[in-house]
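Listed here are the chains, written in short residue letters.
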Amino acid sequence: MAKVAVVTGGTVGIGRATAALFAERGWSVGVIARDPGRLATTEAALRAQGVQALAVAADVADQAAVARAAEQIEAALGPIDAWVNNAMATVVSPARDITAEEYERVTAVTYLGQVHGSLAALRLMTPRNRGAIIQVSSGLGFRSAPLQSAYCGAKAAVRGFTDSLRSELIHDGLKITLSVIYLPAVNTPQFNWARNHTGRMQTAPSPVFDPRLCAQAIVFAAEHPRREIYVGRSVAQMGAVQRLSPGLADRAAARMWEAQLESRPPEQPAGNLFEPIPGEKGIDGRFSDRVKPSRQEFWTSRQRDVFYGVLATGAMGLGAVTMGGPLLAGMALMRVLPKPRRR
């Protein structure tokens, strides 16, 4: 009997690429999302790959709806082996211009959606004492950026929730794994439909990565559980600089304001925050000409720990360097970063 994976937000972008890769590897796939049209085409595409598939309409902000969807998928496909919390929403705006209702909605989808998915998966996995839960996060979950306060806050909350839950699973002796995938800027359609108050079209700051690389990291975590996986060298660099000199990282992040915006106005400023935007959107966004060619660049937390050990040793040796020295040390020591996982 084939293993079963569930992907929330699985009809577009990274979620769609992940569902397709699970199917390519012979998994049965359940998909949870909001738009009925994309759910139907996604389910048909997965079945065309020769696997069982079921697409269920549900808003991840609705805990009861997520629990019902999980039970429906298990009844149709069999016991769920891997659950991927991928759905997200955001508002591109200075914090002062985001309403309380918008903050609540981003939090409900991007943070509570992962809580709801994790709890739904746990209820089904705990009696079997097995399963993998994968949280799709971002480098912005530990190194925030301007214009992204709602999203960054939600992703930081995911990290806190997951670490706490992981400790509980260890305490209870459960063999259910929790992995967090930290992503870079990715070429997905999300940049076209995020709610936007800036008056300027959102763009993906370089470097931009392929959604299929992210899918490889997610499926790897389902098949070979790791505590954390960092996708793209830019995420590893963000983590290193944040640890070495957070104040310097704040100033560097401030320069990301303009890097996130184009001069032209947004096409859909209201975005998909409260209602889905209909139509087939596919996997890729509009930045294909800027995508890094590598589709194999990700590092696990095991490799990261080795790197930070070397980084700490190097930083101590360069302790006498003047202000900015820690950043220079980190940049130099990036050369000793362990080789990424090859899939």
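Just so we're clear, the structure is a prediction, and the values are computed from it rather than from any experiment.

Colleague: I tried to follow the overall build of the protein on my own but got confused; where do I start?
Modeller: Looking only at helices and strands, one finds 12 helices and 12 strands in the protein. Residues counted as buried form 56% of the 343 residues belonging to the protein. Of the roughly 14,300 Å² of accessible surface on the protein, a fraction of 56% belongs to carbon and sulfur atoms.

Colleague: When you look at helix 1 (residues 13-24) in this model, what are you seeing that I'm missing?
Modeller: Each full turn of the α-helix corresponds to 3.6 residues, which orients residues three or four apart in the same direction. With 12 residues, helix 1 should reach 16 Å at 1.5 Å per residue; the first-to-last C-alpha distance of 17 Å fits that figure. Judged by how many residues are buried, helix 1 sits mostly within the fold: 10 of 12 residues are covered. Within helix 1 the residues assigned to the buried category are Gly13, Ile14, Gly15, Arg16, Ala17, Thr18, Ala19, Leu21, Phe22 and Ala23. Trailing helix 1 by a residue or two, Gly26 shows a phi angle of about 90 degrees, which is positive.

Colleague: Just checking my understanding: could you explain the pairing of strand 2 (residues 28-33) for this structure?
Modeller: Each regular strand carries side chains that alternate between the two faces of the sheet. Most of strand 2 sits out of view: 6 of its 6 residues are buried. Burial along strand 2 is two-sided: the residues Ser28, Gly30 and Ile32 and Val29, Val31 and Ala33 are all buried. Relative to strand 2, strand 1 (residues 4-8) runs parallel, the two being bridged by 5 bridges. Each residue of the ladder has a partner; that of Val6, found in strand 2, is Gly30.

Definitions and cut-offs
- Residues numbered from 1 in each chain as written.
- Predicted model: local features only at pLDDT ≥ 70, side-chain atom pairs only at ≥ 80, totals over all residues.
- Heavy atoms only, no water.
- Helix = DSSP H or I, 4+ residues; strand = E, 2+ residues; numbered from the N terminus.
- Buried < 20%, exposed > 50% of the residue type's maximum accessible area, 1.4 Å probe, protein only.
- Areas by Shrake-Rupley, 256 points an atom, 1.4 Å probe, with all protein chains shown as cover.
- Expected span 1.5 Å × (residues − 1).
- Pairing = 2+ DSSP bridges.

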